[in-house]
Amino acid sequence: MSTIEERFSAALHGSARAWRLAIDRRLRHLGISQSSWMAIALTAKEKEPPSQTRLANRVGVEDPTMVATIDRLVKAGYMIRTPSATDRRVKLLSLTESGMQVYRSVKQEADAVRGELLAKADPAVLAIVTGFLEQMQSDIESGI
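If you're wondering where the values come from, they're calculated on a predicted model, not measured in any experiment. (Residues numbered from 1 in each chain as written. Predicted model: local features only at pLDDT ≥ 70, side-chain atom pairs only at ≥ 80, totals over all residues. Heavy atoms only, no water.)

What follows is about the overall build of the protein chain. Looking only at helices and strands, the protein chain features 6 helices and 2 strands. Taking all 144 residues of the protein chain together, the buried fraction comes to 26%. Residue pairs at least 24 apart in sequence account for 48% of intrachain contacts in the protein chain once pairs closer than 6 positions are excluded. One finds the centroid of the 20 positive side-chain charges in the protein chain at a distance of 6 Å from the centroid of its 17 negative side-chain charges. (Helix = DSSP H or I, 4+ residues; strand = E, 2+ residues; numbered from the N terminus. Buried < 20%, exposed > 50% of the residue type's maximum accessible area, 1.4 Å probe, protein only. Contact = heavy atoms within 4.5 Å. Lys, Arg positive; Asp, Glu negative; His and termini not counted. Charge placed at Lys NZ, Arg CZ, Asp CG, Glu CD.)

Under the definition given, this model contains 9 salt bridges. Ionic pairing is found between Arg81 and Asp71, a salt bridge with its closest N-O pair at 2.7 Å. Of the two residues, Arg81 is situated in strand S1 (residues 79-83) and Asp71 in helix H4 (residues 63-75); the sequence distance between them amounts to 10 residues. One salt-bridge network, in which partners are shared between bridges, spans Arg26, Glu109 and Glu116. (Salt bridge = Lys/Arg side-chain N within 4 Å of Asp/Glu carboxyl O.)

The biggest cluster of nonpolar side chains holds 25 residues, and the ones touching the most others in it are Trp37, Ile40, Leu55 and Met66. Looking at this core, the elements that each hand over two or more residues are helix H1 (4-26), helix H2 (34-45), helix H3 (52-59), H4, strand S2 (91-95) and helix H5 (97-118). Sorting elements by how many residues they give to this core places H2 first, with 6 residues. Contacts of Ile40, omitting those with residues within four sequence positions, involve Ile32, Leu73, Tyr78, Leu95, Gly99, Val102 and Tyr103. (Core = buried A, V, L, I, M, F, W, Y, C linked by side-chain atoms within 4.5 Å.)

This part is about a nonpolar patch on the surface. Together, Phe8, Leu12 and Phe132 make up a nonpolar patch on the protein surface, roughly 250 Å² of accessible area in all. On the secondary structure map, Leu12 appears in helix H1. Taking the relative accessible area as the measure of exposure, Leu12 reaches 33% and is therefore partly exposed. (Patch = residues over 30% accessible without salt bridge, like charges linked within 9 Å, V, L, I, M, F, W, Y side chains within 5 Å. Areas by Shrake-Rupley, 256 points an atom, 1.4 Å probe, with all protein chains shown as cover.)

Right, let's talk about H3 for a bit. For H3, every residue scored as buried is listed here: Gln52, Leu55, Ala56 and Val59. For H3, the angular spread of the buried residues around the axis is 105°, confining them to a single face. Structurally, H3 contributes buried residues whose contacts are with H2, H4, S1 and S2. Phi for Gly60, located one or two positions after H3, is positive at around 90°. (Arc of directions from axis to C-beta.)

Right, let's talk about the packing of aromatic side chains for a bit. Counting across every chain of the model gives 1 aromatic pair. Look at Phe8 and Phe132: their rings are 5.6 Å apart centre to centre, the planes differ by 85°, and that puts the pair in the edge-to-face class. With Phe8 in helix H1 and Phe132 in helix H6 (residues 123-141), the pair connects residues that are 124 residues apart, well separated along the chain. (Phe/Tyr/Trp six-rings, centres within 6.5 Å; stacked < 30°, edge-to-face > 60°.)

Here the focus is the packing of H2 against H5. Remark: H2 packs on H5, axes separated minimally by 9 Å, with the N-to-C direction vectors making an angle of 100°. By the angle class used here, H2 and H5 are roughly perpendicular. From H2, Trp37, Ile40, Ala41, Ala44 and Lys45 reach across to H5, where they touch Gly99, Met100, Val102, Tyr103 and Val106. Among the residues forming the contact of H2 with H5, the class breakdown is 8 nonpolar, 1 polar and 1 charged. (Axes fitted to C-alpha atoms, helices over the stretch in contact; angles between N-to-C directions. Parallel < 35°, antiparallel > 145°, perpendicular 65-115°, else oblique. Nonpolar A, V, L, I, M, F, W, Y, C, P; charged D, E, K, R; others polar.)

In short, the description is geometric, and any link to function would need to be established separately.
Shown next as structure tokens:
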């Protein structure tokens, strides 16, 4: 028999994966992979152009995996690499206008999926769960 902590962990992992897959199904018409649309979306949400390493960390992949994804996005005309002004080893990432168009499609579909999945959620329960997950993420990011 599983403990509540084990059930929570499995539910959290499974829900995050299912959420990404639901969005992925809606984006199939764009012809890009999940790692590509996630890289595009996360780059678009950054205040400053992220480095390849920062983007890899945000997506949750190793640097070499992210480099291959970025190579495909650059070749497709969705992203550009710019040398950092402070560290010549670092490449900063920005979206092209085509990349921003893809991001707008990703956002539109992600918003629709979120609306459909949360339509029946009790707002009070959703607020509690959201607060808990935000606190857990903060704890994890602070090194706990």
